[in-house]
Amino acid sequence: QIVIGTSVGIAIPPCDGRDADELSKNADLALYCAKQEGRGQFQFFKSDMDKRMRDWREMEHDLREAIAARQFKLHYQPLVSLDDESVIGFEALVRWEHPRRGFVSPGEFIPVAEEAGLITELGVWILESACAEAARWPAHYGVAVNISPLQLANGNLPLTVLSVLSKTGLDPDRLTLEITEGVFLNDTEQTMAMLNEIKALGVRFAMDDFGTGYSSLSYIRKFPFDKIKIDQGFVRGMGDDPESLAIVKAVINLCHDLGMVTTAEGVETPAQAATLRQFGCGLAQGY
């Protein structure tokens, strides 16, 4: 069975071009934007697309230089036990201080790194740096590292994790890999095999941004996650949105029944912490 999808870029004369070359160029720009929006779509050419493309290419060029020059830094966000408010570990967050652009948000450069095929190299550096740092911490602190779906796509992640653990000397059960349900969208059997191979090393797994996708429940049934992370959007809405409150409570109860730890993201106030503690949530992170 062959499944064929189509993305379409559209340029219309005379506004989008007065000759074949200009129309073709602008239709191609529109096509590229259609693919960036998730494929299977159409986009009409807009005058700002050329600038967006130049900005994207410039960001890609700067990213290649930044990876080679090690311009990235890791910041560590505490994970706090809601039982006694003690710190039990940290999540590694990559930050890029560009010499000309200043601070560049991961939300800007991670998609470019994924599109340009740079995410594997960057991901290996993040994993190795975080594990090396954590190996110097007291033994009761763990470290969590985010994994892109594309890092699993090339099939080398199990060997990478094994190599990093061996090189840094970090105990595997102190490492948690955070993944989103996007890793399951393609080659599910191969993905499951790799995840199980890594889990057999003793590494823990957390599902990030739980509740924001359409099929999270099927994935936590297929793969034994150690931890489920409630998206900060639901936590932020608990105070004035009954639906968010109900979702948070339901996720905590579900994880409790499945023997999984629950982490709430974006916890910023004592009231939020008190509500989560009352529901039985185990861990919290700030924003």
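From a predicted model like this one, the values you see are computed outputs, not experimental measurements.

Procedures and definitions
Residues numbered from 1 in each chain as written. Predicted model: local features only at pLDDT ≥ 70, side-chain atom pairs only at ≥ 80, totals over all residues. Heavy atoms only, no water. Patch = residues over 30% accessible without salt bridge, like charges linked within 9 Å, V, L, I, M, F, W, Y side chains within 5 Å. Areas by Shrake-Rupley, 256 points an atom, 1.4 Å probe, with all protein chains shown as cover. Salt bridge = Lys/Arg side-chain N within 4 Å of Asp/Glu carboxyl O. Helix = DSSP H or I, 4+ residues; strand = E, 2+ residues; numbered from the N terminus. Buried < 20%, exposed > 50% of the residue type's maximum accessible area, 1.4 Å probe, protein only. Pairing = 2+ DSSP bridges. Disulfide = S-S within 2.5 Å. Core = buried A, V, L, I, M, F, W, Y, C linked by side-chain atoms within 4.5 Å. Contact = heavy atoms within 4.5 Å. Phe/Tyr/Trp six-rings, centres within 6.5 Å; stacked < 30°, edge-to-face > 60°. Polar contact = N/O pair within 3.5 Å; in protein donor to acceptor, adjacent residues only side chain to side chain. Arc of directions from axis to C-beta.

Trainee: I keep staring at a nonpolar patch on the surface and nothing clicks. Help me out?
Mentor: Where nonpolar side chains cluster on the molecular surface, the patch consists of Val8, Ile12, Phe42 and Phe44 and spans about 370 Å² of accessible area. Along the chain, Phe44 turns up in strand β2 (residues 42–44). Classification of Phe44 by relative accessible area gives partly exposed; the value is 40%.

Trainee: Explain unusual backbone geometry to me, please; I cannot follow it from the model alone.
Mentor: Most peptide bonds take the trans configuration, and most residues that are not glycine carry a negative phi. A cis amide bond links Pro13 with the next residue in sequence, Pro14, at an omega value of 0°. Its location among the elements puts Pro14 in the loop between β1 (8–10) and α1 (20–36). One non-glycine residue, Arg70, lies in positive phi territory at about 55°. Relative to the assigned elements, Arg70 resides in the loop between α2 (49–69) and β3 (72–81). Residue class for Arg70 comes out partly exposed when judged on its relative accessible area of 47%. At Glu85, a position not held by glycine, the phi torsion is positive, near 60°.

Trainee: For this particular structure, what's the right way to read the pairing of strand β6 (residues 142–146)?
Mentor: Two faces belong to every sheet, and in a regular strand the side chains alternate between them. In terms of residue burial, β6 counts as a mostly covered element, since four of its five residues are buried. Pairing geometry for β6 and strand β7 (residues 175–179), over four bridges, is parallel. Of the residues in β7, the one forming a bridge with Val145 is Leu177.

Trainee: Before we go on, may I ask you to explain the state of the cysteines in this structure?
Mentor: A disulfide bridge is the covalent bond that connects two cysteines by way of their sulfur atoms. Here the structure, examined in full by the defined rule, presents zero disulfides. Here Cys255 stays unpaired: no disulfide links it, and the sulfur of Cys281, its closest cysteine neighbor, is 8.6 Å away. Accessibility expressed as a relative area gives 1% for Cys255, which makes it buried.

Trainee: Would you take a moment to explain the nonpolar core for this structure?
Mentor: A general tendency of soluble globular proteins is for nonpolar side chains to be buried together. Counting residues in each nonpolar core, the largest one holds 80 residues, and the members touching the most others are Phe72, Leu175, Leu177, Phe184 and Phe225. With eight residues, the top contributor of residues to this core is helix α4 (residues 119–134). With near-sequence residues (within four places) excluded, Phe184 lies in contact with Ile179, Thr191, Met192, Leu195, Met207, Tyr219, Phe223 and Phe225.

Trainee: Sorry, what's going on with the packing of aromatic side chains here?
Mentor: We describe a pair of aromatic rings using the distance from one ring centre to the other and the angle between the two ring planes. Counting across every chain of the model gives ten aromatic pairs. Aromatic pair Phe72 and Trp125: ring centres 6.4 Å apart, planes at 50°, arrangement tilted. Taken as a pair, Phe72 in strand β3 and Trp125 in helix α4 lie far apart in primary sequence, 53 residues in all. On the basis of relative accessible area, Phe72 is assigned to the buried category, the value being 5%. For Trp125, a relative accessible area of 17% puts it in the buried group. On the basis of an interplanar angle of 80° and a centroid distance of 5.0 Å, the ring pair of Phe223 and Phe225 is categorised as edge-to-face. Like Phe225, Phe223 is buried. Connected via pairs of aromatic rings, a cluster forms that spans Phe72, Trp96, Phe109 and Trp125.

Trainee: Would you explain the side chain of Gln285 in this entry?
Mentor: Tracing the backbone shows Gln285 in the segment after β11 (283–284). Here the side chain of Gln285 touches Gln77 through a polar contact of 2.7 Å, side chain to side chain.

Trainee: Can you walk me through helix α3 (residues 106–115) in this structure?
Mentor: In an α-helix, one turn spans 3.6 residues, which is why side chains three or four residues apart end up on the same side. Listed in full, the buried residues belonging to α3 are Phe109, Val112 and Ala113. One side of α3 carries all its buried residues, which in axial view fall inside an arc of 100°. For α3, the secondary structure elements touched by its buried residues are α2, β3, β4 (87–98), β5 (102–104) and α4. By the N-cap criterion, in which a side-chain oxygen at the helix start approaches the backbone nitrogen of a residue two or three places on, α3 is capped by Ser105, the distance to Gly107 being 3.1 Å.

None of the figures reported here should be taken as evidence of function without further support.
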